[in-house]
Amino acid sequence: MPFTFVYWADLRYPEPLAGDRNREPYSADPGTGPFPSPAQDPASGEPTLTDRIYRGLSHLQEATGLTPVDDLILEYRLDDLWGYHEDAAFRNAARARLREALAEAADRAVLIAAHSMGGLIAYDVLRAAERDGTALPRCTLVTLGSPLGLAELKLKLAAEHGDLRVPDAVTAWTNLMDRQDIATVGDDLAAIYPPNAAGVRIRDVPVINAYRRPDDTENRHKSYGYLRTPEFSNAVAAFLAAET
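What comes next concerns the included structure.

**A word on empty space enclosed by the protein**
- Under the counting rule described, the total for this entry stands at one cavity of 30 Å³ or more.
- Computed from the structure, the largest cavity encloses a volume of approximately 70 Å³.
- The wall of the largest cavity is formed by Ser146, Gly149, Asn175, Met177, Arg179, Ala183, Thr184, Val185, Asp187, Asp188 and Leu189.

**Topic: the sheet that holds strand β1 (residues 109-115)**
- Spatial strand order, β1-β2-β3-β4: four strands in an open sheet with parallel pairing. A strand with exactly one partner marks an edge of an open sheet, and here the two such strands are β1 and β4 (202-207). Strand-to-strand twist in this sheet, taken as the mean axis angle between neighbours without regard to direction, amounts to 15°.
- Bridge count between strand β2 (residues 138-144) and strand β3 (residues 170-178): six bridges; the pairing is parallel. What sits directly across from Cys139, in β3, is Val170.

**Thoughts on the side chain of Asp204**
- If you trace the backbone, Asp204 turns up in strand β4.
- An unpaired buried charge is present at Asp204: no salt bridge exists, and Arg179, the closest side chain of opposite charge, is 7.3 Å distant.
- A distance of 2.9 Å separates polar atoms of two side chains, one belonging to Asp204 and the other to Asn175.
- At 3.2 Å, the side chain of Asp204 forms a polar contact with the backbone nitrogen of Leu189.
- With residues up to four places along the chain from it excluded, the contact list for Asp204 reads Asn175, Met177, Asp188, Leu189 and Ala190.

**Considering the nonpolar core**
- Residues Leu102, Ile112, Leu120, Leu150, Trp173 and Tyr193 are the most contacted members of the largest nonpolar core, which totals 40 residues.
- With seven residues, helix α6 (residues 117-132) is the single largest residue contributor to this core.
- Leave out the neighbours within four places in its chain, and Leu120 touches Leu81, Tyr84, His85, Leu148, Leu153 and Leu157.
- Core analysis: the second largest hydrophobic core is formed by nine residues, Val207, Tyr226, Phe232 and Ala235 among them.

**Describing helix α5 (residues 88-104)**
- Here α5 is 17 residues long and its end C-alpha atoms lie 24 Å apart, about the 24 Å a rise of 1.5 Å per residue gives.
- Three or more residues of α5 are buried, namely Phe90, Arg91, Ala94, Arg95, Leu98, Ala101 and Leu102. Projected down its long axis, α5 carries its buried residues within an arc of 125°, all on one side. What points out from α5, more than 90 degrees from its buried face, is the exposed set Ala89 and Glu104.
- Sitting at the amino-terminal end of α5 is Asp87, which places a side-chain oxygen 3.1 Å from the backbone nitrogen of Ala89.

**Points about the packing of helix α4 (residues 79-86) against α6**
- Contact pair α4 / α6: the axes reach a minimum separation of 10 Å and the direction vectors enclose 30°. The orientation of α4 with respect to α6, classified from their angle, is roughly parallel. Along its contact with α4, which presents Asp80, Leu81, Tyr84 and His85, the element α6 presents Met117, Leu120, Ile121 and Asp124.
- Class assignment of the residues belonging to the contact of α4 with α6 gives a composition of five nonpolar, one polar and two charged.

**Describing the layout of surface pockets**
- Its volume calculated, the second largest pocket comes out at about 200 Å³.
- Around the second largest pocket, the lining is made up of 14 residues, and of these Thr174, Arg203, Ala235, Ala238 and Phe239 lie nearest the centre.
- Among the elements of the structure, β2, β3, β4 and α9 (230-243) are those that each provide at least two residues to the lining of the second largest pocket.
- When the residues that make up the lining of the second largest pocket are grouped by side-chain class, the tally is eight nonpolar, three polar and three charged.

Criteria and thresholds
- Residues numbered from 1 in each chain as written.
- Predicted model: local features only at pLDDT ≥ 70, side-chain atom pairs only at ≥ 80, totals over all residues.
- Heavy atoms only, no water.
- 1 Å grid on protein atoms, 1.4 Å probe; cavity = no way out; pocket = protein on both sides within 12 Å on 5 of 7 lines; lining within 4 Å.
- Points joined across faces, edges and corners; volume = space filled by probe spheres on them.
- Pairing = 2+ DSSP bridges.
- Helix = DSSP H or I, 4+ residues; strand = E, 2+ residues; numbered from the N terminus.
- Axes fitted to C-alpha atoms, helices over the stretch in contact; angles between N-to-C directions.
- Buried < 20%, exposed > 50% of the residue type's maximum accessible area, 1.4 Å probe, protein only.
- Lys, Arg positive; Asp, Glu negative; His and termini not counted.
- Salt bridge = Lys/Arg side-chain N within 4 Å of Asp/Glu carboxyl O.
- Polar contact = N/O pair within 3.5 Å; in protein donor to acceptor, adjacent residues only side chain to side chain.
- Contact = heavy atoms within 4.5 Å.
- Core = buried A, V, L, I, M, F, W, Y, C linked by side-chain atoms within 4.5 Å.
- Expected span 1.5 Å × (residues − 1).
- Arc of directions from axis to C-beta.
- Parallel < 35°, antiparallel > 145°, perpendicular 65-115°, else oblique.
- Nonpolar A, V, L, I, M, F, W, Y, C, P; charged D, E, K, R; others polar.

What follows is the structure, encoded as structure tokens:
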């Protein structure tokens with residue numbers, strides 16, 4: 001099937017990481033058999049203490065419009081998100097790349113697999129297209145490690161797009177999140193983003209991101225680990241089955 005990689009990192013960084021500068025290279029997992037899943041470890045899919053604490057802080061931040069907790073998370077742990085909102089030229093260029101890819105596929109059904117900030121870009125592009133009247137394909141959206149539950153992002157999205165909800169072009173939305181991933185802290189997305197007019201709801205699916213760096217430390221936010229989860233394979237298989 002046709003595949004398009006919508007890349008944005010070159011808009012923010014002058015050259016890719018290489019050699020010793022890349023502390024998180026891709027490598028084949030040394031294990032055998034299926035990757036781990038909350039299906040075998042139900043406790044790993046339950047909200048953590050951090051989730052519960054952040055939910056209270058998130059509601060307070062949204063009520064006051066002050067987001068000191070999120071400022072720390074974005075600036076020191078998810079700094080590309082910080083740059084996305086601080087640099088309009090970068091933000092607009094990243095959105096333009098996805099708009100172009102979707103325009104080329106406007107007569108087809110597409111699956112958008114969006115990791116981390118990619119989910120934010122996808123949401124922005126899909127909601128903006130509704131206002132512009134831009135033709136869009138039928139979109140199955142799979143978000144991986146999405147930060148769309150962070151209070152600061154919710155405030156910015158509401159300011160630009162109005163009420164938070166599932167975009168109209170989305171025919172299915174699966175949100176994969178590792179409970180240990182700081183980007184997914186807080187409320188599940190289905191509790192934040194109501195269904196669209198067609199009744200499409202977000203399906204939040206806990207996963208286990210098993211990626212480990214060469215020094216054997218974990219990174220529960222890494223794209224490689226999310227893409228290797230059984231739950232992502234299931235989402236892709238469901239899309240293909242529905243469209244064949």
